[in-house]
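# Observations on chain architecture
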Amino acid sequence: VQLQASGGGSVQAGDSLRLSCAASGRTSGSFTTGWFRQTPGKEREFVAATWRSGSNTYYADSVKGRFTISRDNAANTVYLQTGSLTPEDTAVYYCAAGSRLIWSTMQISQYYEYWGQGTQVTVSS
């Protein structure tokens with residue numbers, strides 16, 4: 001499975017971006033898919049995840065109410081719609097997928113088997 005993240009960019013505080021994670025090799029509906037982010041010198045941080053069917057989603061407290069994760073299994077793509085961005089959201093955003101995740105492990109990066117290359121989001125004040 002190959003994951004391709006895109007959609008990052010440089011924006012102003014308060015703006016929005018839609019990040020995309022396109023899967024190839026196997027259908028995205030076979031996997032739980034999550035988004036993580038990382039800044040230099042810090043560990044990778046969970047952002048959001050969506051169950052295989054998209055029926056359940058899970059968010060970090062820091063983005064709840066501002067970000068929305070969704071999936072289009074027909075297009076093999078998972079999206080992260082970000083909103084009300086702040087400079088604290090500046091990071092490289094990674095999408096990841098796993099076939100053996102359960103609800104209690106969706107926020108733990110080590111349980112994801114496949115990772116995309118990351119897309120940079122920079123928010124200026």
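Described below are features of the structure shown in this document. (Residues numbered from 1 in each chain as written. Predicted model: local features only at pLDDT ≥ 70, side-chain atom pairs only at ≥ 80, totals over all residues. Heavy atoms only, no water.)

Of note, the phi angle at asparagine 76 is positive, near 55 degrees, even though the residue is not glycine. For asparagine 76, the location among the structural elements is in the loop between β7 (68-72) and β8 (77-82). Here serine 84, not a glycine, exhibits a phi torsion of approximately 50 degrees, which is positive. Considering the arrangement of structural elements, one finds serine 84 in the loop between β8 and β9 (91-98). (Helix = DSSP H or I, 4+ residues; strand = E, 2+ residues; numbered from the N terminus.)

Before going further, it helps to spend a moment on the state of the cysteines. Tallied over the full model, the rule gives 1 disulfide. The disulfide that involves cysteine 21 links it to cysteine 95, with 2.2 Å between the sulfurs. When the S-S torsion is 70 degrees, as for the bridge of cysteine 21 with cysteine 95, the disulfide is right-handed. Placement of the pair is cysteine 21 in strand β3 (residues 17-24) and cysteine 95 in strand β9, with a sequence separation of 74 residues. Relative accessible area serves as the criterion here: at 0%, cysteine 95 is assigned to the buried category. (Disulfide = S-S within 2.5 Å. Buried < 20%, exposed > 50% of the residue type's maximum accessible area, 1.4 Å probe, protein only.)

Applying the stated criterion across every chain yields a total of 8 aromatic pairs. Centroid distance phenylalanine 31 to tyrosine 114: 5.5 Å. Interplanar angle 80 degrees. Geometry classified as edge-to-face. Taken together, the residues span a long stretch of sequence, with phenylalanine 31 in the loop between β3 and β4 (32-38) and tyrosine 114 in strand β10 (residues 114-115) at a distance of 83 residues. By relative accessible area, tyrosine 114 is classed as partly exposed at 24%. (Phe/Tyr/Trp six-rings, centres within 6.5 Å; stacked < 30°, edge-to-face > 60°.)

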